[in-house]
Amino acid sequence: MSPIKLDDKQTVVEFLNSFDTFLFDCDGVLWSGTHLLPNVIETLALLKKLNKKVLFVTNNSTKSRQDYTKKFSNFGIDNVTKEQIFSSSFATAIYLKNFTNLDPSKDKIWVFGESGIEKELQEVGFSTIGGSDARLDEPWDQQKTPFLPVDPEVKCVVAGLDTKINFHRLCVTYNYLRDKDVQYVATNIDTTFPGKPYMQPGCGSMINLLTTSSGREEPPNCGKPSQLMLDAVFKAYPELKREKCCMVGDRLNTDIKFGIDGKLGGQLLVLSGVENESCLTDLSHGFILPTFYADKLGDVYEHYTK
Ligand SMILES: O=C(O)[C@H](O)[C@H](O)COP(=O)(O)O
Ligand SMILES: [Mg+2]
């Protein structure tokens, strides 16, 4: 069935009445870079007035869940708690803790990425090195780097979005990945992410560089569409009913696939991020289409209040 566009009041009312919980992707849905998207605050306030449950599920690993509460507040989206937020940095901590043989008391983690990964891994007991260490901002000098030779206690590389990517970070991470006994885990695989008015290379593109250069297999992906985060959502909120949940996202191969694979009641694709309307007619991408779509999330508020 073709996706239904939310472009009039009746369609929006029927859409809202179909679900009691909305899971929101962040980049490209709520904001784009430093730019809050139109009528997002108003739409979230409307959902609250309608007693809908709102959760946030982001593949952006640069921040911890606690850090994200500050980002929401800085955008004027108040009263979002750490417990409402599920990030790929959090999902990666769950993965290392519950799905690997790593021992936090002795196995260190080399981080290619930002402080969100470090904080979430440290919260489950892991020691991390690399990541936001300012010494990595120094130009690469194989004679002077304090990070090589590799630390033999490092047993896993976690790779995420690193907006401070440089040759120093790439060289050290590569040298850890050369040892096939060192595990390799990705926070997410998004190839791009929006930073209005431009697009930007994303975590997946950076990880592809590391995977290609090191000759490693593609690492397990902890972010959407992996169901790890959705499992964490339903563990935290066992009262939720999948058929009454709607996933709202801007990317077909992560957000919408995540909702479909998770057997959620519906998915809303918004065209304010990485996808445009052609993805709904040119099906060469091979992905299943969402139940609903809209130009932007704020259209829910705009049409509902007409
Ligand atoms: O890792 C990336 O490329 C970006 O952080 C990712 O695309 C943004 O995540 P989202 O909030 O859209 O899930
Ligand atoms: Mg997004």
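Not measured: the values here are computed from a predicted model.

Enquirer: Report on the UniProt feature "active site" (unreviewed entry) in the chain, specifying residues and quantitative values.
Expert: Sites flagged by UniProt as "active site" (unreviewed entry) map to Asp25 and Asp27. The annotated residues named above include Asp25 and Asp27 as those lining the largest cavity. Tracing the chain through its elements places aspartate 25 in the loop between strand E2 (21-24) and strand E3 (31-32). For aspartate 25, a relative accessible area of 5% puts it in the buried group. Non-local contacts of aspartate 25, meaning those with residues more than four positions away in its chain, are made with Leu30, Val57, Thr58, Lys224, Met247, Val248, Gly249, Asp250 and Asp255. Within the local environment of aspartate 25, its side chain forms a polar contact with the side chain of lysine 224, the two groups lying 2.8 Å apart. Of note, aspartate 27 is situated in the loop between E2 and E3.

Enquirer: Talk me through the packing of aromatic side chains; I want residue IDs and the actual numbers.
Expert: Under the definition given, this model contains 17 aromatic pairs. Residues phenylalanine 15 and phenylalanine 292 carry aromatic rings whose centres are separated by 4.9 Å and whose planes lie at 70 degrees to one another, so their mutual orientation is edge-to-face. Taken together, the residues span a long stretch of sequence, with phenylalanine 15 in helix H1 (residues 9-17) and phenylalanine 292 in strand E15 (residues 292-294) at a distance of 277 residues. For the pair phenylalanine 15 and phenylalanine 292, one class covers both residues: buried. Ring centres of phenylalanine 86 and phenylalanine 90 lie 6.2 Å apart, and the angle between their planes is 55 degrees; this geometry places the pair in the tilted category. One Lys or Arg, lysine 9, reaches over the ring of tyrosine 304 and ends 5.5 Å from the middle of that ring. The lysine or arginine in question, arginine 65, covers the ring of phenylalanine 90, its NZ or CZ lying 3.6 Å from the ring centre.

Enquirer: Explain the sheet that holds strand E10 (residues 183-186) to me, and be specific about the residues and the numbers.
Expert: The sheet built from 4 strands is open, its strands ordered E8-E7-E9-E10 with parallel pairing. Each having just a single partner strand, strand E8 (128-130) and E10 make up the two edges of the open sheet. Taking each pair of neighbouring strands and ignoring which way they run, the sheet shows an average axis angle of 30 degrees. Along the sheet, helix H6 (residues 167-177) contacts strand E7 (108-112), E8, strand E9 (154-159) and E10; its crossing angle with E7, the most-contacted strand, is approximately 140 degrees.

Enquirer: Mind laying out the site of ligand 1, listing which residues take part and the relevant values?
Expert: Contacts to ligand 1 come from 15 residues, most closely from Asp25, Thr58, Asn59, Asn188 and Lys224. Within the side chain of asparagine 188, an N or O atom sits 2.8 Å from an oxygen atom of ligand 1. At a separation of 3.2 Å, an oxygen atom of ligand 1 approaches a polar side-chain atom of aspartate 190. Computed on the free molecule, ligand 1 has an accessible area of 350 Å², of which 98% lies beneath the protein chains in the complex. Comparing atom positions with the cavity grids shows ligand 1 to sit within the largest cavity. Classifying every residue of the shell around ligand 1 gives 4 nonpolar, 6 polar and 5 charged. Each of domain 1 (4-59 + 224-269 + 289-304) and domain 2 (89-214) contributes no fewer than three residues to the shell around ligand 1.

Enquirer: Account for the coordination of the magnesium ion (ligand 2), with residues named and values stated.
Expert: Protein-derived coordination of the magnesium ion (ligand 2) comes from Asp25 (OD), Asp27 (O) and Asp250 (OD), at a distance range of 2.0 to 2.1 Å. Donor residues for the magnesium ion (ligand 2), ordered by position in the chain, follow D-x1-D-x222-D. Remark: aspartate 250 occurs in the loop between strand E13 (245-249) and helix H9 (252-261) and aspartate 27 occurs in the loop between E2 and E3; sequence separation between them is 223 residues.

Analysis parameters
Residues numbered from 1 in each chain as written. Chains lettered and ligands numbered in written order. Predicted model: local features only at pLDDT ≥ 70, side-chain atom pairs only at ≥ 80, totals over all residues. Heavy atoms only, no water. UniProt positions renumbered as here; feature names shortened; annotations may be inferred. 1 Å grid on protein atoms, 1.4 Å probe; cavity = no way out; pocket = protein on both sides within 12 Å on 5 of 7 lines; lining within 4 Å. Helix = DSSP H or I, 4+ residues; strand = E, 2+ residues; numbered from the N terminus. Buried < 20%, exposed > 50% of the residue type's maximum accessible area, 1.4 Å probe, protein only. Contact = heavy atoms within 4.5 Å. Polar contact = N/O pair within 3.5 Å; in protein donor to acceptor, adjacent residues only side chain to side chain. Phe/Tyr/Trp six-rings, centres within 6.5 Å; stacked < 30°, edge-to-face > 60°. Lys NZ or Arg CZ within 6 Å of the ring centre and 35° of its normal. Pairing = 2+ DSSP bridges. Axes fitted to C-alpha atoms, helices over the stretch in contact; angles between N-to-C directions. Near = heavy atom within 4 Å. Areas by Shrake-Rupley, 256 points an atom, 1.4 Å probe, with all protein chains shown as cover. Sits in = over half its atoms within 2 Å of the grid points. Nonpolar A, V, L, I, M, F, W, Y, C, P; charged D, E, K, R; others polar. Domains from an automatic or database assignment. Donors = N, O, S within 2.8 Å, 3.2 Å for Na, K, Ca; no water.

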